[in-house]
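# Examining the three-dimensional arrangement
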Amino acid sequence: MALKILLVDKDEEWLFAAKEYFEKLLYQTTLVSNGKDAQVALYNEKFFAVVMNAFVQNHSGVQVLKFIKSNYPSQNVIMITEIEEGVDKEDQLSVEKLRKMGATEAIAKPFEMDDLKGLLEGHQSVGDMVSSIPRRKSLGPEEEVDLGDEKFTSVKIDEFYTSQPVLFDIYIKLRSNRYIKILHAGDALSKERLDKYRNEKNVEYLYFEKKDLFKFVKFNSYFAKKVIANEKVGGQKKVKLLQNVSEKFLEQTFHEGLKPQIIDQGKEIAESVFELVTKSEDLHKVFKSYSDFDPNAYTHAYLVTLFSTSIIKQFEWQSKTTIECTALACLFHDIGKMKLDPDVAKMKVDDMNDEQLLEYKKHPEYGLELIDGNPLINNSVKQIILQHHEHFDGTGFPFNKRGSKILMLSNIVCLADNFVHIVQDEEKLPVEALKVLLSRREQLSWYNSRIVECLIKVFVDPDKIMKDNHLPSNSRLVSNKKVS
Ligand SMILES: [Fe+2]
Ligand SMILES: [Fe+2]
């Protein structure tokens, strides 16, 4: 069943253009040109969202918004406002004012239809998305298209899950800027067809448009949650699945910025990370052989998330809140790099000259600037990001904080960050990276020693700690309560 939207605007030309645009995206639309008709339509039908110009007449948009808030409080309402010439700023009906009045979202003219679409999609549940895809009797035809590479993102074909109808179009790449659409939204990819692409055509990656990242993340995050809750599925598969979602989530964040709906998705992923590290008993085995040397920044942030939260899990004071909070901070820990000169952002620290290094060292503060005013992100998350390069011995940056002046959680992220750098940059299995880390004596003073001990514990079979008392008797690893 298509999702229905009620479009309310006095500008008929705009209404028809919007109708055409949204019907192409498989929404069903109802058009009205005044407030009174909008109320009647709401009385007669149920809508996924109302998209309404605040300046309609015969009941103004604001009056209708009030009517909706008192009669249908859960109704999504996207208000459109227009900046009026010659009216003082304070007297304008601004986006902020409309949000305060209860609009789910608000947008000011002029805007692109794609922006409006983004606002609508931000409020869809997975159920809404699935119910809005068309049901087809047969597969749509394959179509060759010329579209810029920069519009696409890819997933490994081996990591693509079949049987469900896809929520958006899927392509394979022919050559640069040329793609074949192999699946239309609503088609399902059978195992046979997938095998054919993989084995006969040697396809390694499937592509989709970046504008569909939100749907991809939303759906796969939902799917990952189910898989993570399933005790029969091994840790390896869970770790990989969450990696896929997290990487695409980060790509989307870097592509679109920190919109409220994106932060909501981040929180959902943080929740899944919590479930993963607290419920999967075989993670110590997975970590020993885990090999993902992809140096890409998105993989990096995910691995830092995974190891930081696994370290916290070893502490007696760990809780759902600390783990989720740290997971969210880890996903965003290097977000300040968005503000760096792109050349510096790409460089390895060892290759930087003094000036570049100075610029690089600003990224924790830039990160804070990007999220500071954001009420959806709490202060602990902000502090972890700001302090993730501070060292226990005072040699870190940006403030050369030392010892207990540094948040314990930041110091954990700092260790996980450097540890993951060894894994990725030096292409080591995590157990080997651990040995390398422990051999770099001068760097060990960067961290609170309890944190280093907890990183070691991440790799140890929890039952073994209790059975083999081969650890030095003064180690807290022996005296701590059983880790599970
Ligand atoms: Fe960093
Ligand atoms: Fe990092």
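Because the structure is predicted, anything quoted here is derived from the model rather than measured. (Residues numbered from 1 in each chain as written. Chains lettered and ligands numbered in written order. Predicted model: local features only at pLDDT ≥ 70, side-chain atom pairs only at ≥ 80, totals over all residues.)

## Topic: the overall build of the protein chain
Looking only at helices and strands, the protein chain features 23 helices and 10 strands. The C-alpha radius of gyration computed for the protein chain amounts to 25 Å, which stays within 12% of the reference 23 Å derived for 484 residues, consistent with globular compactness. A principal-axis box enclosing the C-alpha atoms of the protein chain has dimensions of 80 × 60 × 45 Å. Looking at the protein chain as a whole, 33% of its 484 residues qualify as buried. Sequence-distant contacts, at least 24 apart, represent 69% of the contacts inside the protein chain between residues at least 6 apart. (Helix = DSSP H or I, 4+ residues; strand = E, 2+ residues; numbered from the N terminus. Rg over C-alpha atoms; globule rule 2.2 N^0.38 Å. Buried ≥ 20, exposed ≤ 12 C-beta atoms within 10 Å, placed from the backbone. Contact = placed C-beta atoms within 7 Å.)

## Some points on the domain arrangement of the protein chain
Domain annotation of the protein chain identifies domain 1 (4–123), domain 2 (135–212) and domain 3 (230–479). Computed from C-alpha coordinates alone, the two centres of domain 1 and domain 3 are separated by 42 Å. (Domains from an automatic or database assignment.)

## Section: helix H7 (residues 191–200)
Of all 10 residues in H7, 0 are buried, a share of ten percent or less. Where H7 terminates, the next one or two residues include Asn 202, which has phi positive at roughly 50°.

## Comments concerning the sheet that holds strand E5 (residues 105–109)
Here we have 5 strands laid out as an open sheet, ordered E2-E1-E3-E4-E5, and parallel in their pairing. The open sheet has two edge strands with one neighbour each: strand E2 (28–32) and E5. Between one strand axis and the next, the sheet turns by 20° as a mean value, whatever way the strands run. Pairing geometry for strand E1 (residues 4–8) and strand E3 (residues 49–53), over 4 bridges, is parallel. Counterpart to Leu 7 in the pairing with E3 is Val 51. On top of the sheet, helix H1 (residues 12–24) reaches E1 and E2; it is set at about 170° to E2, its chief contact. (Pairing = 2+ DSSP bridges. Axes fitted to C-alpha atoms, helices over the stretch in contact; angles between N-to-C directions.)

## Some details on the nonpolar core
With 75 residues, the main nonpolar core has Ile 311, Ala 329, Val 413, Ala 416 and Phe 419 as its most contacted residues. Here this core gets 9 residues from one element, more than from any other, and that element is helix H18 (residues 408–425). Mapping this core onto the domain boundaries places at least three of its residues in each of domain 2 (135–212) and domain 3 (230–479). When sequence neighbours within four positions are dropped, the list of residues in contact with Phe 419 reads Phe 307, Ala 433, Leu 437 and Leu 455. By size, the runner-up hydrophobic cluster in this structure holds 30 residues, among which are Tyr 27, Ala 38, Ala 106 and Leu 120. (Core = buried A, V, L, I, M, F, W, Y, C linked by C-beta atoms within 7 Å.)

## Considering helix H21 (residues 449–458)
Among the residues of H21, Ile 451, Cys 454, Leu 455, Lys 457 and Val 458 are the ones counted as buried. Axial view of H21: buried residues confined to an arc of 155°, hence all on one face. (Arc of directions from axis to C-beta.)

## A look at the environment of Lys 109
Looking at the secondary structure, you find Lys 109 in strand E5. Judged by the 13 C-beta atoms lying within 10 Å of it, Lys 109 falls in the partly exposed class. Distance from Lys 109 to Ser 404, taken between C-alpha atoms, is 51 Å for residues 295 residues apart in sequence. Residue contacts for Lys 109: discarding those within four places in its chain leaves Ile 80 and Glu 82.

## Considerations on the packing of helix H8 (residues 213–229) against helix H10 (residues 260–279)
Viewed as axis vectors pointing N to C, H8 and H10 meet at an angle of 20°, and their least axial separation amounts to 10 Å. One element, H8, and the other, H10, form an angle in the roughly parallel class. The chirality of how H8 crosses H10 is left-handed. Between H8 and H10, the contacting residues are Val 217, Lys 218, Ser 221, Ala 224, Lys 225, Ile 228 and Ala 229 on the first element and Gln 265, Glu 268, Ile 269, Ser 272, Glu 275 and Leu 276 on the second. By residue class, the composition of the contact of H8 with H10 is 6 nonpolar, 3 polar and 4 charged. (Parallel < 35°, antiparallel > 145°, perpendicular 65-115°, else oblique. Left-handed = near helix turned anticlockwise from the far one by under 90°. Nonpolar A, V, L, I, M, F, W, Y, C, P; charged D, E, K, R; others polar.)

## Notes on the packing of H10 against helix H13 (residues 320–331)
The N-to-C vectors of H10 and H13 enclose an angle of 125°; their axes lie 8 Å apart at closest approach. Taken together, H10 and H13 sit at an angle that is classed as oblique. Relative to H13, H10 is oriented so that their crossing is right-handed. Of the residues in H13, those touching H10 at Gly 266, Lys 267, Ile 269, Ala 270, Glu 271, Val 273, Phe 274 and Val 277 are Lys 320, Ile 323, Glu 324, Ala 327, Leu 328 and Leu 331. The residue makeup of the contact of H10 with H13, split by class, is 9 nonpolar, 1 polar and 4 charged.

## Here's the deal with unusual backbone geometry
Among all residues save glycine, negative phi is the norm, and among peptide bonds the norm is trans. Here Lys 109 and Pro 110 are connected by a cis peptide whose omega angle stands at -5°. In this structure, the amide linkage connecting Phe 397 to the following residue, Pro 398, adopts the cis form with an omega of 5°. On the secondary structure map, Pro 398 appears in the loop between helix H17 (379–386) and H18.

## Looking at the pairing of E3
In terms of residue burial, E3 counts as a mostly covered element, since 5 of its 5 residues are buried. Relative to strand E4 (residues 76–82), E3 runs parallel, the two being bridged by 5 bridges. Note on E4: the bridge partner recorded for Val 51 is Ile 78. Handedness of the E3-helix H3 (residues 61–71)-E4 crossover: right-handed. (Right-handed = clockwise from strand over helix to strand, strands pointing away.)

## Quick look at the environment of Pro 295
Relative to the assigned elements, Pro 295 resides in the loop between helix H11 (283–289) and helix H12 (297–313). For Pro 295, a count of 12 C-beta atoms within 10 Å translates into the label exposed. Among residues more than four places away in sequence, those in contact with Pro 295 are Gln 424 and Asp 425.

## Concerning the pairing of E2
Two elements, E1 and E2, share 5 bridges in a ladder whose sense is parallel. Following the sheet pairing, Lys 4 is matched in E2 by Gln 28.

## Quick word on the confidence of the model for the protein chain
Of the residues in the protein chain, 93% reach a pLDDT of 70 or more, and the chain-wide mean stands at 87. For residues 468–484, every residue scores under 50 in pLDDT, and the model assigns this stretch 17 contacts once sequence neighbours within four places are set aside. (pLDDT = per-residue confidence, 0-100.)

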